[in-house]
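Fold and geometry: a report
Spelled out, the chains give:
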2 protein chains.
Amino acid sequence: MFNVVIVRYGEIGTKSRQTRRWFENILMNNIREALVSEGVEFKKIEAKHGRILVKTNRAGGAVEVLKRVFGIVSLSPAMEVDADLEKINKTALKLFRRKKRELGLEKPRFRVTARRITKEFPLKSPEIQAKVGEYILENEESEVNLHEYDIEVGVELMDGKAYIFVDKVRAWGGLPIGTQGKVVVLLSGGIDSPVAAFLMMKRGVEVIPVHIYMGEKTLEKVRKIWNQLKKYGYGGKGELIVVNPKERERILEKLRELGKEKYTCVFCKFMMVKYADKIAKDFGAKGIVMGDSLGQVASQTLENMYIVSQASDLPIYRPLIGMDKEEIVEIAKRIGTFELSTLPEDEMPFAPKHPIIRGSWEEFRKLHKAVFGEEPRREC
Amino acid sequence: MFNVVIVRYGEIGTKSRQTRRWFENILMNNIREALVSEGVEFKKIEAKHGRILVKTNRAGGAVEVLKRVFGIVSLSPAMEVDADLEKINKTALKLFRRKKRELGLEKPRFRVTARRITKEFPLKSPEIQAKVGEYILENEESEVNLHEYDIEVGVELMDGKAYIFVDKVRAWGGLPIGTQGKVVVLLSGGIDSPVAAFLMMKRGVEVIPVHIYMGEKTLEKVRKIWNQLKKYGYGGKGELIVVNPKERERILEKLRELGKEKYTCVFCKFMMVKYADKIAKDFGAKGIVMGDSLGQVASQTLENMYIVSQASDLPIYRPLIGMDKEEIVEIAKRIGTFELSTLPEDEMPFAPKHPIIRGSWEEFRKLHKAVFGEEPRREC
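Residues numbered from 1 in each chain as written. Chains lettered and ligands numbered in written order. Predicted model: local features only at pLDDT ≥ 70, side-chain atom pairs only at ≥ 80, totals over all residues. Heavy atoms only, no water.

Under an unreviewed UniProt entry, chain A has the name Probable tRNA sulfurtransferase and belongs to Thermococcus piezophilus. Quoted verbatim from the Subcellular location (unreviewed entry) heading of the UniProt record, the comment on chain A is "Cytoplasm". If you open the UniProt record of chain A and go to Pathway (unreviewed entry), you find "Cofactor biosynthesis; thiamine diphosphate biosynthesis." (UniProt positions renumbered as here; feature names shortened; annotations may be inferred.)

**Quick look at the overall build of chain A**
Scanning chain A from N- to C-terminus turns up twelve helices and 14 strands. For chain A, the C-alpha radius of gyration of 27 Å lies well beyond 21 Å, the compact-globule estimate for 380 residues. Across its three principal axes, chain A shows a C-alpha extent of roughly 85 × 45 × 35 Å. When each of the 380 residues of chain A is scored for burial, the buried share is 55%. (Helix = DSSP H or I, 4+ residues; strand = E, 2+ residues; numbered from the N terminus. Rg over C-alpha atoms; globule rule 2.2 N^0.38 Å. Buried < 20%, exposed > 50% of the residue type's maximum accessible area, 1.4 Å probe, protein only.)

**A few points about the relation of the copies chain B and chain A**
The two chain copies are connected by a rotation around an axis plus a translation along it. With an RMSD of 0.0 Å, the fit of chain B onto chain A corresponds to turning through 180° and sliding 0.0 Å along the axis. Both chain copies can therefore be described as sitting about a two-fold axis. The position closest to the rotation axis in chain B is occupied by the C-alpha of Pro319 of chain B, lying 2.7 Å away. In this assembly, 100% of the residues forming the interface of chain B have copies in chain A that are likewise at the interface, indicating an isologous arrangement. (Least-squares fit on C-alpha atoms with pLDDT ≥ 70 in both. Contact = heavy atoms within 4.5 Å.)

**Regarding the state of the cysteines**
All names here are of chain A. For the structure shown, the criterion picks out zero disulfides over all chains. Unpaired in this structure, Cys265 has its nearest cysteine sulfur neighbour in Cys268, at a distance of 6.9 Å. Accessibility expressed as a relative area gives 33% for Cys265, which makes it partly exposed. (Disulfide = S-S within 2.5 Å.)

**Regarding helix H10 (residues 325-335) of chain A**
Residue and element names in this part refer to chain A. Along H10, the residues that are buried comprise Ile328, Val329, Ile331, Ala332 and Ile335. Buried residues of H10 fall within an arc of 160° about the axis and therefore sit on the same side. H10 presents Glu326, Glu330, Lys333 and Arg334 as exposed residues on the side facing more than 90 degrees away from its buried surface. Tucked inside the fold, the buried residues of H10 contact helix H5 (192-202), helix H6 (216-230) and helix H11 (338-341). (Arc of directions from axis to C-beta.)

**Some points on the sheet that holds strand S10 (residues 182-186) of chain B**
Within a sheet, neighbouring strands are paired by backbone hydrogen bonds and run either parallel or antiparallel to one another. If you trace the five strands from one edge of the open sheet to the other, you get S12-S11-S10-S13-S14 (chain B), paired in parallel fashion. Lying at the two open borders of the sheet, with one neighbouring strand each, are strand S12 (241-243) and strand S14 (316-317) of chain B. (Pairing = 2+ DSSP bridges.)

**Some words on the packing of aromatic side chains**
Residues and elements named next belong to chain B. For the structure shown, the criterion picks out 22 aromatic pairs over all chains. Arranged with centres 6.1 Å apart and planes meeting at 15°, the rings of Phe70 and Tyr232 form a pair that is stacked. Of this pair, Phe70 sits in the loop between helix H2 (59-66) and strand S4 (72-82) while Tyr232 sits in the loop between helix H6 (216-229) and S12, and the two are 162 residues apart along the sequence. Judged by relative accessible area, Phe70 falls into the buried class, the value being 2%. For the ring pair Trp361 and Phe364, a centre distance of 5.9 Å and an interplane angle of 20° mean the geometry is stacked. One end of the pair is Trp361 and the other is Phe364, both in helix H12 (residues 361-372) and three residues apart, which spans about a single turn. (Phe/Tyr/Trp six-rings, centres within 6.5 Å; stacked < 30°, edge-to-face > 60°.)

**Things to note about the UniProt feature "domain: THUMP" (unreviewed entry) in chain A**
Under the local residue numbering, the UniProt record ascribes the feature "domain: THUMP" (unreviewed entry) to residues 60-168 of chain A. In residues 60-168 of chain A, helix accounts for 38% and strand for 31%; the two terminal C-alpha atoms are 12 Å from one another.

**Some words on the domain arrangement of chain A**
Residues and elements named next belong to chain A. You can read the domains of chain A as domain 1 (1-80), domain 2 (83-166) and domain 3 (182-372). Taken over C-alpha atoms, the centre of domain 1 sits 23 Å from the centre of domain 2. Residue-level contacts link 14 residues of domain 1 with 15 residues of domain 2. In this assembly, domain 1 packs against domain 2 so that about 1300 Å² is buried in total across both faces, 64% of it on carbon and sulfur atoms. Broken down residue by residue, the surface that domain 1 buries against domain 2 is led by Met1, Arg51 and Met79, which jointly contribute 39%. Applying the counting rule to domain 1 against domain 2 returns three salt bridges. Across the salt bridge formed by Glu156 and Arg51, the nearest N and O atoms sit 2.6 Å from each other. (Domains from an automatic or database assignment. Buried area = accessible area lost by both parts, 1.4 Å probe. Salt bridge = Lys/Arg side-chain N within 4 Å of Asp/Glu carboxyl O.)

**Some details on the pattern of salt bridges**
All told, the structure shown has 74 salt bridges over all chains when counted by the stated rule. Between Lys278 of chain B and Asp282 of chain B there is a salt bridge; the shortest N-O distance is 3.1 Å. In this pair, Lys278 of chain B and Asp282 of chain B both sit in helix H8 (residues 264-283), four residues apart, roughly one turn of the helix. Linked by salt bridges that have partners in common, Lys44, Glu46, Lys55 and Glu80 of chain A make up one network.

Written out as structure tokens, the structure is:
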């Protein structure tokens, strides 16, 4: 029945013609990649007057996939017909009937919203609305109500064609992946880091997922999480990079020897950022993403984050920093990572009973020198 | 009618007795400061069994103020009476009648939810619910419905007292200001930075607001914004610090001379962070907060944020980094800063036509040396 999906997108940083084209091209590539990866057939993808049209006979399936492509604000499965009043009327009626059945309503309230994107059609938008509305009223038990309606019939006209639709499916918004460069994200297997990765991806960033090995159970879990996140990653999916830190034992031993086990967690995070920094530089990534939320656990303090941040000159992006746990969990559930994050993981035998709450940079420096024989900051 | 407000709070990092007491004390101080600042009289504030009770005859006014105190999850204006079934019944009926009138319902559906916080009361919670429910049914046109109800009558019992309420007002959650240390926030007068400040405050941070002077109009606007933000700042309100950078002219001249005006914005932000860094260190603040959202304007890129981040070794917190403009505007409207952010401001005569999109650190270093005769990073 439908033969096209109308893709609407939102913000573009500047409105220059050149930037718009660049943006649209990346978005079209991501759409293509999404449909091909998910096996949804289509005939053509084209940008037209601030919209993207996906010609396909599998509009329903396409919408389900494209809902997860960032940069898209809303989607409508639509029928493209010649811009001819009779054809528009008949198509509108057909879609109206279908929707009425779907909703199971005796006498639905409806309105028609028409827009001439290009102006060659002889009737103006309010006239089109009146004509189509009348036609539906004549042929189907119904009632017009502009403010409270069960069904909205949309008619968009451009380049000699009319696009008729009765659904507008909201997507995530954000920016197309690939428009904003690359960052490394540290994935731990917990609830927070996948949400942090998701939010950065939503802003158009390609993320390179890095996991610091803790054991097989946790690794398996992180693989599942990354596979889920990839469903939002059309346009830039890296493979999970797993780092197995060989100096872990040495650090733990030394800290134990010095009676400073309480610094284990800070040291561990510092080392994670050091690995992330190296990988970022190898891959040309411009930042590191972490799932920190202030004060969520007692040791997630400004002091400890200060220490950890010294491991790299790259900016550390913490999109969850201002969120409550409840808000983070809500997003995790919506994007399908929550369940995975609660799967069992390897125990950390080296986690100290009382991790340091407000670590001191001076003390950390001394410990770093004791363990590695050198200062923690590269530059100095 | 009401004589107490029940204050419920949420997450506390650890559950140790000591941490809980510390957390409650800070929250009680913030509550006291809020009520005193807003002239709401009260008799006593006390922590009891995981709740805080504010004894006051101005419960309505207190709730309005306390809604803005972070760390609080929900609030109920309540009546405290002796834990005696007859008194509980009569009070519950009185509150029920009042709520029924307020809602204008003929035969409201209701349920009673009872909780024994301490267990000395002879009846168990389900029995209390049954008794109170019966009493209301006998005396007032109504109907019990446990799942879909218009009114919920709450009864909490502790230490020989009963607390009865019919409203539960949601507050912002988060953590009490003062539990998480201090950060400096750069307030520009735009829509974003006040929202960034708000979100950090919500996570229990005391913010020190810094504005880099642009002109009188903008300054006046930023003062209004900060006055609005202060309404959420009980527990730690700094005064606005205004910096008037004297080297601005020199930078602009030099950039013009070198034909590198396109670096003006990056330079400007770099200098802002340098000032924020100095102020942070003077005040013992552990981070800098900025309102950056990736790709919101063409020049808000990972590359430019990398350069700006080099101006300080402190972590830069960007709570909006993963948000769309629409989401930021929604919060700005809820917290009352949106309107203020759209007030007129001074024009920036030195803003370049084509700001650099992806600034190069190497080039920036050279420019910095040309302007100041030294490397941009302190440490090297």
